[in-house]
Amino acid sequence: MNDTMKILAGRTAADDLVKSGMKLGLGTGSTAVHVINRVGELFAAGTLKALAVFPTSFQSLMDCEKWGIPVFTLNSRELEGGLDLTIDGADEVDGENRCVKGGGGALLIEKLAAYASTSYALVADERKLVESLGITFPVPVEIIPEARVQAARALEAFGARAVLRAALRKAGPVITEHGNLILDVTFAESVDPVVMEDEINRIPGVVENGFFTRRRPVLYAARGDGTVEVRT
Ligand code: 5RP
């Protein structure tokens, strides 16, 4: 059921938004993979041509490679630090299409892609829609290892609980693709995500946080009844 919604959101967004010749950011996670698969199908069929894709994680890089989608670094001559469009998943989306991302630990590059893009789109199923961000699903905060205790203390001063993300099938914490750690931060009550996005990044040792508020994406939200709400 949920997979059906993820497939629907991902394919609909890809069909609506991706055009030949685009510099395209492709996101991470179990919903964004369906965007990559649809782009891959259309690229393999020759319907989409001349794409230059920036994958936001090792996972999305491998998914692009499966389809032979041309991938580039953001610093490459092909992309020159800019993207026409990024499509990505989200962990929570509020009524103004602000979101929390980083459940898959890829928030740092996902934010780079989002903020480097002229257009930005999110794909999600209706379970991700919330009134207030950061209360139910924790906000990931990527920190350098040396800041583990100090940053957790500073985050808790915001009235939040900060938990070091533990690895599965490896003893100890998750180590990000950039050699950092993740604190998963749950707020006790509603906070202003615009303020918090800036405030958290002011803590020494914080690399990036999972509040995404400075882009107003178009949201493709799949419903259990088989429809997709496109919300701007
Ligand atoms: C990864 C992300 C994902 O986009 C987010 O966690 C949503 O994933 P899924 O579609 O699997 O629920 O931010 O860092």
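Model, not experiment: these values are computed from the prediction. (Residues numbered from 1 in each chain as written. Predicted model: local features only at pLDDT ≥ 70, side-chain atom pairs only at ≥ 80, totals over all residues. Heavy atoms only, no water.)

## What to know about the overall build of the chain
Looking only at helices and strands, the chain features six helices and 13 strands. Here the chain has a C-alpha radius of gyration of 17 Å; the compact-globule value for 232 residues is 17 Å, and the two agree. Taking the principal axes of its C-alpha atoms as reference, the chain extends roughly 55 × 40 × 35 Å. When the 232 residues of the chain are sorted by exposure, 51% land in the buried category. Considering only intrachain contacts with a sequence separation of at least 6, the fraction spanning at least 24 residues in the chain is 74%. Just so you have it, the chain exposes about 10400 Å², and 53% of that area is on carbon and sulfur atoms. Charge-centre separation for the chain: the mean point of 25 positive side chains lies 3 Å from the mean point of 31 negative side chains. (Helix = DSSP H or I, 4+ residues; strand = E, 2+ residues; numbered from the N terminus. Rg over C-alpha atoms; globule rule 2.2 N^0.38 Å. Buried < 20%, exposed > 50% of the residue type's maximum accessible area, 1.4 Å probe, protein only. Contact = heavy atoms within 4.5 Å. Areas by Shrake-Rupley, 256 points an atom, 1.4 Å probe, with all protein chains shown as cover. Lys, Arg positive; Asp, Glu negative; His and termini not counted. Charge placed at Lys NZ, Arg CZ, Asp CG, Glu CD.)

## Let's talk about the site of the ligand
The environment of the ligand is made up of 16 residues, and the closest members are S30, T31, D91, G102 and K128. Within the backbone of T28, an N or O atom sits 2.8 Å from an oxygen atom of the ligand. Considering the ligand on its own, with 380 Å² of exposed area, one finds that the protein chains cover 90% of that surface. Residues of the shell around the ligand, tallied by class, amount to two nonpolar, nine polar and five charged. (Near = heavy atom within 4 Å. Polar contact = N/O pair within 3.5 Å; in protein donor to acceptor, adjacent residues only side chain to side chain. Nonpolar A, V, L, I, M, F, W, Y, C, P; charged D, E, K, R; others polar.)

## Regarding the nonpolar core
Within the largest apolar cluster, 24 residues are counted, with the highest numbers of intra-cluster contacts made by V18, V39 and I87. Elements that contribute at least two residues to this core include exactly α1 (2-17), β1 (23-26), α2 (32-44), β3 (83-89), β6 (117-125) and β12 (218-222). Grouped together as the second largest cluster of nonpolar side chains are 20 residues, I143, A152, L181 and I203 included. (Core = buried A, V, L, I, M, F, W, Y, C linked by side-chain atoms within 4.5 Å.)

## Regarding the domain arrangement of the chain
The domain boundaries assigned to the chain delineate domain 1 (2-130 + 214-231) and domain 2 (139-210). For domain 1 and domain 2, the distance between their C-alpha centres works out to 24 Å. Taken together, the 17 residues of domain 1 in the interface contact 15 residues of domain 2. Carbon and sulfur atoms make up 54% of the surface buried where domain 1 meets domain 2, a total of about 1300 Å² over both sides. It is L107, L108 and K111 in domain 1 that bury the most area against domain 2; as a group they hold 42% of the surface buried on that side. Inspection of the region where domain 1 meets domain 2 yields four salt bridges. For D198, the salt bridge is made with R214, and the minimal N-O distance between the two is 2.8 Å. At the junction of domain 1 with domain 2, the criterion picks out nine residue pairs in polar contact (both at pLDDT 80 or more). Of all the secondary structure elements, the ones that give two or more residues to the side of domain 1 that touches domain 2 are β5 (99-100) and α4 (107-115). (Domains from an automatic or database assignment. Buried area = accessible area lost by both parts, 1.4 Å probe. Salt bridge = Lys/Arg side-chain N within 4 Å of Asp/Glu carboxyl O.)

## Some points on the sheet that holds β3
With mixed pairing, the six strands of this open sheet are ordered in space as β2-β1-β3-β6-β12-β13. What marks the edges here is a single partner per strand, and that holds for β2 (52-55) and β13 (228-231). Strand-to-strand, the axes of this sheet are offset by a mean angle of 20 degrees, without reference to chain direction. Where β12 meets β13, four bridges bridge the pair, whose relative direction is antiparallel. Paired with A221 across the bridge in β13 is E229. (Pairing = 2+ DSSP bridges. Axes fitted to C-alpha atoms, helices over the stretch in contact; angles between N-to-C directions.)

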